[in-house]
Every structure is written in C-alpha cells, then in structure tokens.
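Tertiary structure, described
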Amino acid sequence: MASPTPPAANEGIQLLDAQNVASSIDNSDAGVVIRPCDAKSITVVATSEKRKREDEVNEVEAGVVPPPPQMQHQNPMWKTSLCSYFRRHNKSCSHGDSCRYAHGEAELRPRPDNSWDPTSDRAKKLLKTSDDIEEDAPSEASDGESDLPPCDDVNSSLSKCLVGLPRKWASETLKNFLDKEGIVYKSSKKKKGMTVGFISFDTLEQLKDGTNELKGKLVGSKQIKIADIIVRSHDKKQKERGGKQFGEDPDSSCDPLNNDYDPEKDGSVVDGLALKRQSARNAVTPLAHMSYKDQLEHKKNLLLQTLKRLTRNARKACPDGIPLPEWILKSREMGGLPCQLEGIIESPLVNGYRNKCEFSVGYSLQGKCTVGFQLGNFREGMTAVEEPLDCPNVSRIACKYAMVFQEFLQSCTLPVWNRIENSGFWRQLTVREGRRPGQVCEVQNGEANIAEVMLIVQICASGVEEELVKGEFRRMAQAFLDGARACSPPLPLSALVIQDHRGISNAAPADCPLLPLAIPELEKVSSQDSLECSDPIIHDYISNLQFCVSPTAFFQVNTLAAEKLYSLAGDWANLDSDTLLFDICCGTGTIGLTLAHRVGMVVGIEMNESAVSDARKNAEINGIKNCRFVCGKAEAVMGSLLKEYLNMPNQHDTSFDISEIRDSKNTKENESPNDNIDFDIKSHTEDESATDAATRSRDQRDVTLGETCVPEVHLDGKISQTESLDNEKGNLDALINGKSVNHEINSIQSLSGNSFSFTGNFKGTCELNSDIEEDKGKTTPAFAGQFKNIVAIVDPPRVGLHPIVIKTLRTHPRLRRLVYISCKPESLVGNAIELCTPSADRPDKNKNNRGWRSMSATGLARHRMKSMPNSEPFKPVRAMAVDLFPHTSHCEMVMLLER
Ligand SMILES: C[S@@+](CC[C@H](N)C(=O)[O-])C[C@H]1O[C@@H](n2cnc3c(N)ncnc32)[C@H](O)[C@@H]1O
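All figures in this text were calculated on a predicted structure; none of them were measured in a lab. (Residues numbered from 1 in each chain as written. Predicted model: local features only at pLDDT ≥ 70, side-chain atom pairs only at ≥ 80, totals over all residues.)

So, about the UniProt feature "active site" (unreviewed entry) in the protein. Per the UniProt record, "active site" (unreviewed entry) is annotated on Cys 823. Turning to its location among the elements, Cys 823 is positioned in the loop between strand E31 (815–822) and helix H23 (825–836). Once residues within four sequence positions are removed from consideration, Cys 823 is found in contact with Arg 798, His 890 and Glu 892. (UniProt positions renumbered as here; feature names shortened; annotations may be inferred. Helix = DSSP H or I, 4+ residues; strand = E, 2+ residues; numbered from the N terminus. Contact = placed C-beta atoms within 7 Å.)

What surrounds the ligand is a group of 22 residues, the closest being Phe 554, Cys 585, Gly 587, Ala 634 and Asp 795. Sorting the residues of the shell around the ligand by element identifies helix H16 (590–595), strand E22 (601–606) and helix H18 (634–646) as the ones contributing at least two each. Counted by class, the shell around the ligand contains 12 nonpolar, six polar and four charged residues. (Near = placed C-beta within 6 Å. Nonpolar A, V, L, I, M, F, W, Y, C, P; charged D, E, K, R; others polar.)

As a further point, take the nonpolar core. Counting 150 residues, the largest nonpolar core has Ala 569 and Val 894 as its most contacted members. Looking at this core, the element that brings in the most residues is helix H13 (residues 396–410), giving nine residues. Residues within four places of Ala 569 in sequence aside, it is in contact with Ile 591, Ile 793, Val 819, Ile 821 and Val 894. Counting 17 residues, the second largest nonpolar core, distinct from the first, contains Leu 162, Val 163, Val 196 and Ile 199. (Core = buried A, V, L, I, M, F, W, Y, C linked by C-beta atoms within 7 Å. Buried ≥ 20, exposed ≤ 12 C-beta atoms within 10 Å, placed from the backbone.)

Taken as a whole, the protein shows an average pLDDT of 72; of its residues, 63% reach a score of 70 or greater. A low-confidence stretch, residues 231–277 (pLDDT under 50), is modelled with 138 contacts involving residues beyond four sequence positions or located in other chains. Between residues 733–741, whose pLDDT stays under 50, and residues either more than four places distant or in other chains, the model counts 25 contacts. Scored as a whole, the predicted complex attains pTM 0.62, and scored at its interfaces, ipTM 0.99. (pLDDT = per-residue confidence, 0-100.)

Further remarks concern the sheet that holds strand E6 (residues 187–190). The sheet built from four strands is open, its strands ordered E6-E7-E5-E10 with antiparallel pairing. Looking at the sheet topology across the chains shown, the edges are occupied by E6 and strand E10 (225–228). With strand direction ignored, the average angle separating the axes of adjacent strands in the sheet is 25°. Taken together, the four bridges between strand E5 (residues 159–163) and E10 define a ladder with antiparallel strand orientation. (Pairing = 2+ DSSP bridges. Axes fitted to C-alpha atoms, helices over the stretch in contact; angles between N-to-C directions.)

Turning our attention to the sheet that holds strand E17 (residues 495–500). Pairing is mixed in the open sheet, where seven strands are placed in the order E14-E13-E12-E15-E16-E17-E18. Because the sheet does not close on itself, it has two edges, and the strands there are strand E14 (385–386) and strand E18 (514–517). The pairing of strand E12 (residues 356–363) with strand E13 (residues 369–374) spans four bridges and is classified as antiparallel. Its bridge partner being in E13, Ser 360 is matched across the sheet by Gly 372.

Right, let's talk about helix H8 (residues 204–214) for a bit. Turning to H8, its buried residues are Leu 207, Gly 210 and Leu 214. On an axial view of H8, the arc spanned by its buried residues comes to 70°, and they lie on one face. Those residues of H8 that are exposed and angled more than 90 degrees off the buried face are Glu 205 and Asn 212. Of the surrounding secondary structure, the elements contacted by the buried residues of H8 are E5, strand E7 (196–200) and E10. Backbone geometry just after H8 places Gly 216 at a positive phi near 80°. (Arc of directions from axis to C-beta.)

Another aspect to go through is the UniProt feature "zinc finger region: C3H1-type" (unreviewed entry) in the protein. Following the UniProt record, the feature "zinc finger region: C3H1-type" (unreviewed entry) maps to residues 77–106 here. Helix makes up 17% of residues 77–106 and strand 0%, with an end-to-end C-alpha separation of 16 Å.

Among the secondary structure elements, Ile 450 is positioned in strand E16 (residues 450–459). A residue is classified by how many C-beta atoms lie within 10 Å of it, and Ile 450, with 21 of them, is buried. Discounting residues that sit within four places of it in the chain, Ile 450 has contacts with Ile 397, Glu 433, Arg 435 and Pro 492.

Below, the structure written as structure tokens:
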C-alpha cells in the first residue's frame, strides 16, 4: 500500500488569529465559508487514487505528484503555503523536494498578491508590525493558538474568537455549551452557518481561565481553537466617542458578523488569498504591483487550474456503466483541460477603466471621515476606509467626486454610517460614468471620453427630520456642482440620485427607493421645496449602439473590454438570420442588442425590472425591432419561453409543473443552496396567451403554493387608443394592437409617447403581441418552428445559473449551442459539470440534499447530476478569457458548449 498521502497545507481548521480566520473566508456570493481548501484536495487525492490508471495528469493537478519542472515554475502557487504534514511529522514529508508546499520558512515563496501564507512567521511578523502601526497590536499568535494578551492591552483583548464550532450552532447553542462547560464569561455570539463564534469576558482572570478551559475542547470530532479579535484604532476611537465595542452587549448590533459586506459590490475586489490589507490599493487591486503582462499570465494560470477541475469532476460524476465522453478521454492529451483555453484578451484600457465605483463612507485608520474603499472584509474585523487615489482601476473623475463628497461630509452635521453600530446617515457614493459615442481614437486617455456622470448617494434617513435632510441634500448638490466646476476641464455631472437604504449592509435591494435630485443650475428648480427631477439616466455606447443605464441596472464596468467580450460570444455562437438567440440574464440588453442584426430574433430574460425597462428603451432608441425582453427570473420563465418559441407539444403548459416548483421550493426550505426562487408560475388558463403566461410572475411572498390567484401580468406594447390611463395605479382600458383590454395597473414602468410597460392584474382576454414582434411579422405563437438554429448566450451573476435553468437548457433537444459567459469561472465549472456530464439511464429521483452546505460548488454539481433527467450532454468546445478587471484577480471567461 502506498504511503499515506500528506494532506494539503492548511488542512482542516488551523487558524491562528482573526486575520487567519479571515484569510480562509471565502467571500463569494454564496456567503461566508471557512474554507477547508484541503478537504477538496483530500477528496481529489482519494479519487485520483481510485482512478490512478485513468489519468496521471490529474494527480499533478491535485498536488499528489509533482508537476514537471517547467510546470512547477509556472504554477504561481508553488511553495506559497507551508506543508502542514511536514510540520506535524517532525519535518518529514513523503513528497520530499517535489512537494508543492513549502517545507519550512526558508522554502516559502510569496503569493502572487505579495502576501504570505498566513500561518507563516513572516505573515505573523508583518501582521504584528502593521498592528503596531495601528497602535493596536494584539498578542502574536503562536502555533495555532493565541497567547493571552499583554496586560496593557486589556480593553481590546477581553474578547476571543472561537474557531471550529459547528455551523448549525446559533448564539443560544453556544451559550448553553459554555454554561455546561462552566465557563465564566460576559457574553457570547455565534451566527448560524459559520464556524466562528465570539466570547467576551469581564476580567483578564476570567479570560485566562476560560481560554485554558476551552483550548482544545472537542465539539463532536473537532477541536475548538481560540483566536484573538483585533480591534482597529478607529473602532477604539469610536468607542472613546461613546460607541460600543463587541462584547458590551451581545445582542446589540456590535457584532462583527452582522455584516454582509460584499467587496465585489463595493468595487473593492478582494483577492481571496490576501492576509491583511493595509491600503485601498492592495484591497481593491491586489495585482497592481505586477506588470500587466504578468497579471494576464497569472490569470491564465488560475483559469487553467479552474478548467481542469471541470474535467476531473465530470469524470467523477460520470455514472457507472456509462462510457466517459470523448472530451474527457481527449483531455489526457491536453494536460487535463476539457478544451483549449485559447488565450486571454487584454483590456483596451488598463487604468481608470471602471465606469462604476461604489465608494464606502467611513473612517480611516487614523479616524478621519473618508470616502473610498474599505481596507478589507468586515468579517475580518476591518471597517477602515481609505481614499481611492492610489487605485489604478478608478478613473480620475470618480476619484475627484469621492474627494468632493469627503470634503462635504467633513462639514456636515449628519453622521456617517457606522458599520459596527448600524447607525448613521451617509453610507455610500456610487459614481457611474457614460462615454461619448464613436470610435475612441485615444483609448488610453479614457477620461477624455467620459461625457456623462451619475452620482448615487446612499443614505439611511431613518429617524432624521425631513427638513434637515432636505437642507443637507441641497448643500450636497451644490457641493458636487461646485466641485465639478472647480476642475479643469470641468467634470461632467448629469444626474444625482439619493438611495434611501435602511438595511445593514450597503448592498441595497433592487426595489430600494430612489429619489432623483435636481442639480442646481443644471435643472431649473421650480420652487425651493421641489428637489426632485425627472428620470435619472446616463448613456454609454457599445458597438456603436447607444445604451441607457439607469441607477441600479447592471452594466459591465469596463465598457471597452465588454465590447470585445460580446463580439467574441457572438462569433462563437455561430449566428445567422435563422437563429433564435436567447440572451439569458440580459441586463440592459447589451448582448442581445449588439448581436440582433446577426440573428432572426432575440429573446432577453432578466429579473431586474429597471434593467428590462432600459433594455426595451435601448431597443427603441437604436431602432432594433427583433428583440423581446422578458422580466422575470430565468428559472421561472425559461421553460415557458422555450415551449412558446419552439412549438413544443402541450404549448399551453408552463415549463415546470407545480410539483417541480414545489420541489425546488421545498429543497430551498430544506437547505437548498439556491435560495433565490422568488417567483411562482401557475398553470395558465386557455384564454391567456402563451406570451402572457410566459411573462407573468408573482412574488412568492404574496402567494402560497396551491392557492389560486389572479395572475400578475407583465405586458409591453403600444397603445393606439386610450380611454383612461393613470400613471400610477388604476385601470387601463385600451386598444392594444387592435384588441380591447382592461387591466388593473399596479405599476407603470415606463411611459414615453404611447409606449408603455406595466405590471398589473390580468382581467380580460388579451392576445397581446408587442409592436416589435408585429413589425417583424412574427406573432406569438407563430414563431414556432420558424428558427433552425437555437442558441443561448448566458451571462449569469457570480453564483452562476440556477439549477432549474441548467436543467431546462440541458433537456431541451433543440438547443444545440450554448455560449457561457462567466464573471466567476468557478461557477461556470460547476454549471458546466451539470451540462456536460453524461446522465444516468435512470436518474436518481431521491434528491437527498442534506449536507449541501459543506459541499464544494463542484461537489454540489456532481450531486445534482445524479438526478439529471436522461438527456444528451453538451461538450466543452473552446474557452477564452477576456480581462475586464485589470489589476484584480478577476476575469471573464467564455466557453462554447455544443452537442
Ligand atoms: C453578469 S450580469 C450580465 C448582464 C448583461 N448580460 C450584461 O452583460 O450587461 C447578470 C445579470 O443577471 C441578472 N440576474 C441575476 N439573477 C437572475 C435570474 N435568476 N434570472 C434572470 N436574471 C438574473 C442580474 O440582474 C444581472 O443583470
């Protein structure tokens, strides 16, 4: 038998202090996970042992056998983590020199983002130095557990972090456990779903006894580790000003866990490898220290590793008795790749490329009111904000506006948002930029091409007197105008919007109230009391088309690189006039609209109402008539749309029967990872058109399954004759495309000329076809069978596609080509496993989703494969990346799947 395989470095939980905890936190959209990165590797090891003879290359990938020297050199992670096996087994490791992990500090290399393995002496030393700088040095952790804090730092050190707790524990369970163990403490806190909890003590004595008692205690099979909590100097300052610190009141908002800061949303794209950020530049652009060429090489290497995971997992998921597909067999000749990675397309603009920056409002490490980027994840205990001036991805214009706002706040009476206390008024500034039309001759001088700027200021108006708020808004608008004018040349300023958001995190929901403000002198303010102005919108241009961008609609942050991305997707989709193109997760319609001239018809699907409204406007202003945009979650409408357009039998059924929806709803309640099913589709009646059925949706909160309801309908089209039309709510009696209809309107989404778009309760019979469809002479359901070539381009958010969408696409026999665009290649891999693995002859209907929380994305995909209906799999044909995010480790990947 082979000698025991050393586990990967950092196996299990061996976190030393709060920083180390943070460094293992995966801040993906899925939430916080202390990532036993190694569990994965261990699985790989076990499986690759099983399938050793099949593919030795996989063992290289899994770290089981060393890569050839040239690969070692290429792998940016080579020897960047300490080998835990080596440390634990008296400095011996059966892999010897070929181990991918460092045997001791001397061998250790810095990670690509210049950070060090958090468990290394170097990292700890750096940590200590930086903490000294912050006048807030915690005790240095030693060998897995922290020492007791020095006596002169008692106030900030009477709290500890408990690592390795069961995820299912809540605060109450932790309290019970501590009481049972006889620990004397002041307060404790634990959030379900995390393995970290917090405990605070009244005295040093209590802390000493408590930590001694808890150190190494077993909970289930896991040992509890104890780590320090690092309190920043600005938090101390807040405390001095009267603010609470963690531990003072466990039920108060002073809870480091009560934050769902998403650095991605914030523009602060944090590299998961980072240990600790000392500057906004490092937090937001961790690769900025590399040349652009090296950055691309680094990203390419990461993508290669990610792609190989697809092959490995699809192989594992392949049901017994079913032959491995050709692409997996061929992968041996390509070093384990599922298809060729054909390269990485550079961003035309490397600096200042972001057209949207979300600046946090908070305090710097020195306690100064600052508008900029947070230095790290709040879960790392980091709330400090630093100015964005040194971040190369931010434009000069965005920086200027951040500075103008910062100056304004310093003289403002209303408080800035306190992330620890969840109180305050000013929260965030978003700067969105729109470029001029036409071919840009001087790409690198991107700033000169910015024609429009929209500023969105997020506040929390709760409990603040209205008059005071109005006065501050007026002063702020004036400050922005003055700031814009003071620059040479003056900065563009087209729209100013207030977003009143009362939630804990700055990530506001799509329906968060927006108040467009008049900008003095730009807008003619009719009276002193009227601050509001009309629709705030800016414009940008892609492939010579104009795009409206409303305040919250998604628009790629790097427009010039996005243009390259879309044209690559279009080229690979192999489009012609016989093509029906589904643009899934279409946002403001950018992909569908830029490719509309190459296809017969585009159907865009998007859940964000304002983005759909923008998409429709965009079609109109560009005179594009062969696009239809459907507002709804793809998982709720995709099946119906496929049936509607592809003339499937039983056309008047919705795509999923109630049991399917109920099933997905149940799995959600029973811990389904896909907890974003908000819509329900009811079987529709014979007198509704398929279009109506496909587009109507109802918020799950208002409906319980099995209940009969008046379906809510989303319609769009042109009114040729109107008897009554109330802009807000009321009844619409109109002739729509020649048919008389009556609708109770819930909300009108856009109204320009005689075009409309609204949701309302469906009352009568309406064979509605939008004028766009009529103009093309393709009326619903006359589309059926009209298209020979059915293609989907999917561009989902970071979590990837919903499993129902994957299943719908995979099981539809007429969909032969799919172009997957991904801003998170790991999610693409998860989805591609489900799309490309052969299905079992008899799918396992018994979906046991228990334990999904501890599964990796790929493990989950393999698990779901078991219940995939028998269907022809796709195969990965080619892949290519487009760098939309220079200086960060993020990258867009495009993969062509065919069958
Ligand atoms: C990465 S963006 C792509 C947008 C667009 N393709 C573009 O390039 O501008 C993802 C879009 O998917 C939308 N989205 C997220 N979840 C969705 C769902 N379940 N169904 C439909 N759209 C969804 C988001 O609102 C967002 O506009």
